[in-house]
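Okay, here's what each chain looks like letter by letter:
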Amino acid sequence: MKVLNLGSINIDYIYKLNHFVAPGETISANSLEINPGGKGLNQSVAMANAGLNVYHAGLVGVNDSEFLINTLQKYNVNTDLISKIPSQTGHAIIQVTQSGENSIILFKGANHEVDKNYIDNVLSQFNAGDYCVLQNEISNIGYIIQQAHSKGIKIVLNPSPCNNSIMSCELKNIDIFILNEVEGRQITGKTDSLEILNELHSRYPHAKIVLTLGAKGSIYKDSSCEVSCGIYKADILDTTAAGDTFTGYFLYGLFSNMPIKDVLEMASRAAAIAVSRQGAAKSIPLRSELEPINS
Ligand code: RIB
């Protein structure tokens, strides 16, 4: 079984601030860091740090992206399917407050030049039974889902950020959903977390569903079980990529056939370490840092 992550690659500009900029306000940042990021790249790093062999596919600009590809390679992610195009690499402007909260502006850049030809080429390298991991920071997500499903490739969807392009996808073809309450609300129209979970399960009864609940932990549901898990306490420095870390570690645990309770605990522990560190990809721990849950 091979794991493909067809996802975004961003340059993150992280500004540390005393508070988020208000409308009409101008404030000075306390610091600026320029780091590799993007939900796609972060999730590939998390899966690789957990112990999976991952193929990352996606598009970047010709002139500004070498350090991003080097970063993925440093974390042992296979980058052979990434293409450079005459465009600007996607980037994110991230405000981080003193309490570690963030707010993000995305510039789509090359991430939104992912077209059907590129997708067909990438998917031609994978077969039935392989997995394709998706977020919602690249173009043509609906087409990827359609084509991957028709080839028998299993699809993992983290519908983040959730918008109309997600709502127009054939979500019945998703094998694994990993989403937070905001995304769950947008997809189901329900507000209560259990109602969101039950609504997703009744719409997509064959899917495995993980709903993350912020400080309240996470819940997993499939056709045979429902399991919940709390969070690990951490001194929060920067919450950026906490969800990506959870996703990568969850998939590692699931693909390794660990008991679901242990999978959720491991993913929560990894996310707790990530929030105690600054940055996105670089905050994601190695599995050896997760003792004692380190099978
Ligand atoms: O999930 C965190 C990521 O969201 C950041 O790295 C940023 O690039 C945005 O895509």
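Throughout what follows, the structure given in this document is the object of discussion.

**Some thoughts on the pattern of salt bridges**
Consideration 1: Under the criterion given, the structure shown has seven salt bridges.
Consideration 2: Between Glu170 and Lys172 there is a salt bridge whose closest N-O contact spans 3.5 Å.
Consideration 3: Residue classification places Glu170 among the partly exposed positions, given a relative accessible area of 44%.

**Focus: the nonpolar core**
Consideration 1: Ranked by internal contacts, the top residues of the largest apolar core, which has 46 residues, are Val156, Ile176, Tyr249, Phe250, Leu251, Phe255 and Leu264.
Consideration 2: When contributions to this core are tallied by element, the ones reaching two or more residues are helix 1 (39-50), helix 2 (66-74), strand 9 (131-134), strand 11 (176-180), strand 14 (226-229), helix 8 (242-255) and helix 9 (260-275).
Consideration 3: In terms of residues, this core owes the most to one element, helix 9, which gives eight residues.
Consideration 4: With near-sequence residues (within four places) excluded, Phe255 lies in contact with Met1, Val3, Leu52, Tyr131, Val156 and Ile176.
Consideration 5: Counting 41 residues, the second-largest nonpolar core is a separate cluster that includes Val114, Ile155, Leu179 and Ala207.

**Focus: the side chain of Ser139**
Consideration 1: As for its position among the elements, Ser139 is in the loop between strand 9 and helix 4 (141-150).
Consideration 2: The buried category is assigned to Ser139, whose relative accessible area is 12%.
Consideration 3: Polar contacts involving the side chain of Ser139 include one to the main-chain carbonyl oxygen of His112, which spans 3.1 Å.
Consideration 4: Among the polar contacts listed, one links the side chain of Ser139 to the backbone oxygen of Val114, at a separation of 2.8 Å.

Reading guide: rules and limits
- Within each chain, residue numbers correspond to sequence positions counted from 1 in written order.
- Note on the predicted model: pLDDT of at least 70 is required for a residue's local features to be given, and 80 or more for side-chain atom pairs to be given and counted; whole-chain, interface and lining totals, by contrast, use all residues.
- Think of the side-chain values as coming from all heavy atoms in the structure, minus any hydrogens and water.
- Every case where a carboxyl oxygen of Asp or Glu lies within 4 Å of a side-chain nitrogen of Lys or Arg is listed as a salt bridge.
- Relative accessibility decides the category of a residue: with a 1.4 Å probe and only protein chains considered, values under 20% of the type maximum give buried, values over 50% give exposed, and everything between is partly exposed.
- For the purposes of this section, nonpolar cores are sets of buried Ala, Val, Leu, Ile, Met, Phe, Trp, Tyr and Cys residues that join through side-chain atoms within 4.5 Å.
- A helix here means a DSSP run of H or I that spans at least four residues, while a strand means a run of E at least two residues long, and both kinds are numbered starting from the N terminus.
- Working rule for contacts: check all heavy atoms of both residues, and any pair within 4.5 Å makes them a contact.
- Polar contact is the term for a pair of N or O atoms within 3.5 Å; when the atoms are in protein, one must be able to donate a hydrogen and the other to accept it, and sequence-neighboring residues count only if both atoms are side-chain atoms.

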